[in-house]
Amino acid sequence: MTDWVQQAQHLTDEVLRPASTEVDGSGMIPQSHFETLRDQGFYGLAFASKDPVTTLADVGEILVSGCLATAFVWAQHHGTLLRLMMSRNDALKAQFLADLRSGAITAGVSGSGYANPDNPLVVATETDDGYTITGRAPFVTGWGYVDVIGVTAYDTRADKTVTFLIDATDGPNIYSKRIPLSAADASNTVQLTFSEFEVPHTSVIRAGKPSRGGLGVADRAVLRINGSLALGVARACLTEAARIGHPSSQLWETHTTIREALSNPASGDGDIYDARARASQFAVTAANYVATAAGSPSVQRGEPTERMVREAAFSMVCTTTPEIKSRILTTCHPH
């Protein structure tokens, strides 16, 4: 049986971390990074473990610690893959599922947050042949790297969400505009605009009533897996601190405690939003520590610790929900 965590650590040490400064500076991820992830089976990771949530979370954390941009693109793939796996569209599954599992086809995702019924940014209008899509997804990662993208839109007339699969390419009714990011800029994150974009019924992964109310098991799983971004940034900081002669066993113990605190609510026991807030705050603490330890290089563009400070700030915002943000702000400014 493959030890995915050990394999991810080897990939991080041998491939991702050595190239991370070049990736950050050039704004480009080598295609070889994705080929290596594919060849080693990381695109089908969710199907290769008895505990896919824990495995995805642990592996994601390690890959983020090696190269945030690469891991950020890789992570999006699983959102679309898992949605398609649960789809009732057997023809679409037959066409794409095996290749998505192997990594022969890679995917991105435009999250369901952009189809929030209270403020839908991407809207679907049903037609005889499928749906017409209008609106704008503010952040879509991996454009130009991935082959397909799973998009969720909101049908205002039928009060349902519609998730569909499309080619990740610009066209007459779909336009991308690259967004420069302070960290993980090489991830090719774009603003994606749909202008009466036609989607046939055959491309629909799922259509159904939007979830309202409390968090379900799947929601908690996503929140836990996304927490690996902050934990991975913190891991990178503590690894670098040790490399430059300033190891901190106390911060490593805190890292372990926070990971455990984040994993427990994923199963329904505890406040997952609070755990996520703590993880993001700890990434900043770890970045401040290694920046201080490194000294003047930390304010020189292109130095590893300078990048880590930007990545820690990135982790405070990226994949953060309003609930997580509220807890972070409350902790920073208690009443």
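Refer to the preceding data block for the structure.
Conventions and cut-offs
- The numbering scheme is per chain: residues are counted from 1 as the chain's sequence reads.
- Since the coordinates come from a predicted model, pLDDT governs what is reported: local features require at least 70, and pairs of side-chain atoms require 80 or more to be given and counted, while whole-chain, interface and lining totals use all residues.
- Excluding hydrogens and water, the side-chain figures rest on all heavy atoms present in the structure.
- Strands are runs of DSSP state E lasting at least two residues, helices are runs of H or I lasting at least four, and both sets are numbered from the N terminus onward.
- Throughout, radius of gyration means the C-alpha value; the globule benchmark is 2.2 Å times the number of residues raised to the power 0.38.
- Relative accessibility thresholds used throughout: buried, under 20% of the residue-type maximum; exposed, over 50%; partly exposed, between the two (1.4 Å probe, protein chains only).
- Residues are treated as being in contact if the distance between any of their heavy atoms lies within 4.5 Å.
- His is not counted, nor are the chain ends, whereas Lys and Arg count as positive and Asp and Glu as negative.
- Lys charges are placed at NZ, Arg charges at CZ, Asp charges at CG and Glu charges at CD.
- Counted as salt bridges are all cases of a side-chain nitrogen of Lys or Arg within 4 Å of a carboxyl oxygen of Asp or Glu.
- Any two of the Phe, Tyr and Trp rings considered here, Trp counted by its six-membered ring, make a pair once their centres fall within 6.5 Å; the pair's planes then place it as stacked at under 30 degrees, edge-to-face at over 60, or tilted in between.
- Any Lys NZ or Arg CZ that is within 6 Å of a ring centre and within 35 degrees of that ring's normal is treated as a charge sitting over the ring.
- In this analysis, a patch consists of residues with relative accessible area above 30% that form no salt bridge, clustered at 9 Å for like charges and at 5 Å for the nonpolar side chains Val, Leu, Ile, Met, Phe, Trp and Tyr.
- All accessible areas in this document rest on Shrake-Rupley with a 1.4 Å probe, and a residue is counted as covered only by the protein chains that are shown.
- DSSP-based pairing: two strands are paired if at least 2 bridges between them are found.
- By convention a nonpolar core is built from buried Ala, Val, Leu, Ile, Met, Phe, Trp, Tyr and Cys residues, the set being connected through side-chain atoms within 4.5 Å.
- Expected span of a helix, by definition, is 1.5 Å for each gap between consecutive residues, and there is one gap fewer than residues.
- Throughout this description, a polar contact denotes any pair of N or O atoms lying within 3.5 Å of each other; where both atoms belong to protein, one of them has to be capable of donating a hydrogen while the other can accept it, and for residues adjacent in sequence the pair is counted only when both atoms sit in side chains.
- Only C-alpha atoms enter the line fits that serve as axes; for helices the fit covers just the stretch in contact. Angles between N-to-C directions range over 0 to 180 degrees.
- Each angle gets one of four labels, with under 35 degrees taken as roughly parallel, over 145 as roughly antiparallel, 65 to 115 as roughly perpendicular, and the rest as oblique.
- Take the far helix as your reference; a near helix turned counterclockwise from it by less than a right angle gives a left-handed crossing, and one turned clockwise gives a right-handed crossing.
- Asp, Glu, Lys and Arg are counted as charged, while Ala, Val, Leu, Ile, Met, Phe, Trp, Tyr, Cys and Pro are counted as nonpolar; the rest, among them Gly, fall into the polar class.

Q: A description of the overall build of the protein chain should follow, citing residues and the corresponding values.
A: Across its full length, the protein chain holds 11 helices and eight strands. Taken over C-alpha atoms, the radius of gyration comes to 20 Å for the protein chain, in line with the 20 Å a tight globule of 335 residues would show. Seen through its C-alpha atoms, the protein chain measures out along the principal axes to roughly 65 × 50 × 40 Å. For the protein chain, buried positions account for 49% of its 335 residues. The contacts of the protein chain with a sequence gap of at least 6 include a subset with a gap of at least 24, amounting to 72%. Taking the 27 positively charged and 35 negatively charged side chains of the protein chain as two groups, their mean positions are separated by 4 Å.

Q: I'd like a description of the pattern of salt bridges, backed by residues and values.
A: Under the criterion given, the structure shown has 13 salt bridges. A salt bridge links Asp185 to Arg178, with the nearest nitrogen and oxygen atoms 3.5 Å apart. A relative accessible area of 22% places Asp185 in the partly exposed class. On the accessibility criterion, Arg178 (40% relative accessible area) is partly exposed. Linking Arg307 and Glu311 is a salt bridge whose minimum nitrogen-to-oxygen distance equals 3.3 Å. On the criterion of helical spacing, the pair formed by Arg307 and Glu311 is a turn pair, its members being four residues apart in helix H10 (residues 304-317). No difference in accessibility class separates Arg307 from Glu311, as the two residues are buried. The network of salt bridges with common partners includes Asp24, Arg301, Glu306 and Arg310.

Q: Report on the packing of aromatic side chains, specifying residues and quantitative values.
A: Summed over all chains, the structure comprises four aromatic pairs. Pairing Phe34 with Tyr145 gives two aromatic rings, centres 5.2 Å apart and planes at 50 degrees, and the pair type is tilted. Of the two residues, Phe34 is situated in helix H2 (residues 31-39) and Tyr145 in the loop between strand E3 (130-140) and strand E4 (148-155); the sequence distance between them amounts to 111 residues. Tyr145 sits in the buried class, given a relative accessible area of 15%. One residue, Arg101, lies across the ring of Phe47, its end atom 3.9 Å from the ring centre.

Q: Provide a residue-level description of a negative patch on the surface, including the pertinent values.
A: On the surface, a cluster of negative charge is contributed by Asp128, Asp129, Glu196 and Glu198. Relative to the elements of secondary structure, Glu198 occurs in strand E7 (residues 190-200).

Q: How would you explain the pairing of E3 if you had to name every residue and give the values?
A: Here strand E2 (residues 122-126) pairs with E3 via five bridges, running antiparallel. Looking at the pairing, Val122 lines up with Gly135 of E3. In textbook terms, the turn of a hairpin is the stretch between consecutive antiparallel strands, and for E2 and E3 this stretch comprises three residues.

Q: For the nonpolar core, give the residues involved together with the corresponding values.
A: Within the largest apolar cluster, 83 residues are counted, with the highest numbers of intra-cluster contacts made by Leu63, Trp74, Ile133, Ile166, Phe194 and Phe314. For this core, the element with the most residues is helix H9 (residues 272-294), which contributes 10 residues. Not counting residues within four places of it along the chain, the set of residues in contact with Ile133 comprises Val122, Val123, Ala124, Ala153, Phe164, Phe194, Ser195, Glu196, Phe197 and Val199. Within the second largest apolar cluster, 11 residues are counted, among which are Leu81, Leu92, Ala107 and Leu165.

Q: Can you tell me about H9, naming the residues and giving the values?
A: Along its 23 residues, H9 runs 33 Å from first to last C-alpha, staying within 8% of the 33 Å computed at 1.5 Å per residue. One side-chain oxygen at the N-terminal end of H9 lies 3.0 Å from the backbone nitrogen of Tyr273; it belongs to Asp271. Phi turns positive, to about 80 degrees, at Gly295, one or two residues after H9.

Q: Describe unusual backbone geometry, listing the residues and the values that go with them.
A: Of note, Asp159 is a non-glycine position whose phi angle comes to about 50 degrees, a positive value. In this structure, Asp159 sits in the loop between E4 and strand E5 (160-167). The exposure class assigned to Asp159 is partly exposed, which follows from its relative accessible area of 22%.

Q: Got a sec to walk through H10? Specific residues and values, please.
A: Taking 1.5 Å of rise per residue, the 14 residues of H10 would be expected to cover 20 Å, and the 20 Å separating its terminal C-alpha atoms lies within 8% of that figure. All of the buried residues in H10 are Thr305, Glu306, Arg307, Met308, Arg310, Glu311, Ala312, Phe314 and Ser315. Turning to H10, the residues buried within the fold contact helix H1 (4-26), helix H4 (68-85), helix H7 (228-243) and H9. Within two residues after H10, Thr319 carries a phi angle of roughly 60 degrees, on the positive side.

Q: If you had to explain the packing of H9 against H10 to someone new, which residues and values would you point to?
A: Two packed helices can be described by the angle between their axes and the distance between those axes. Here H9 crosses H10 at 165 degrees, and the two axes come no closer than 9 Å. Judged by the angle between their axes, H9 and H10 are roughly antiparallel. The crossing of H9 and H10 is left-handed. Within the contact between the two elements, H9 uses Ser280, Gln281, Ala283, Val284, Ala287, Val290, Ala291 and Ala294 and H10 uses Thr305, Met308, Val309, Ala312, Ser315 and Met316. Classifying every residue of the contact of H9 with H10 by side-chain character gives 10 nonpolar, four polar and no charged.

Q: Provide a residue-level description of the packing of H1 against H2, including the pertinent values.
A: One can describe the packing of H1 onto H2 by two numbers: an axis separation of 11 Å at closest approach and a directional angle of 160 degrees. With respect to their mutual orientation, H1 and H2 come out roughly antiparallel. In this structure, the crossing between H1 and H2 has a hand that is left-handed. Counted together, Leu11, Val15, Leu16, Ala19 and Val23 of H1 and His33, Thr36 and Leu37 of H2 form the full contact between these two elements. Its residues assigned to classes, the contact of H1 with H2 comprises six nonpolar, two polar and no charged.

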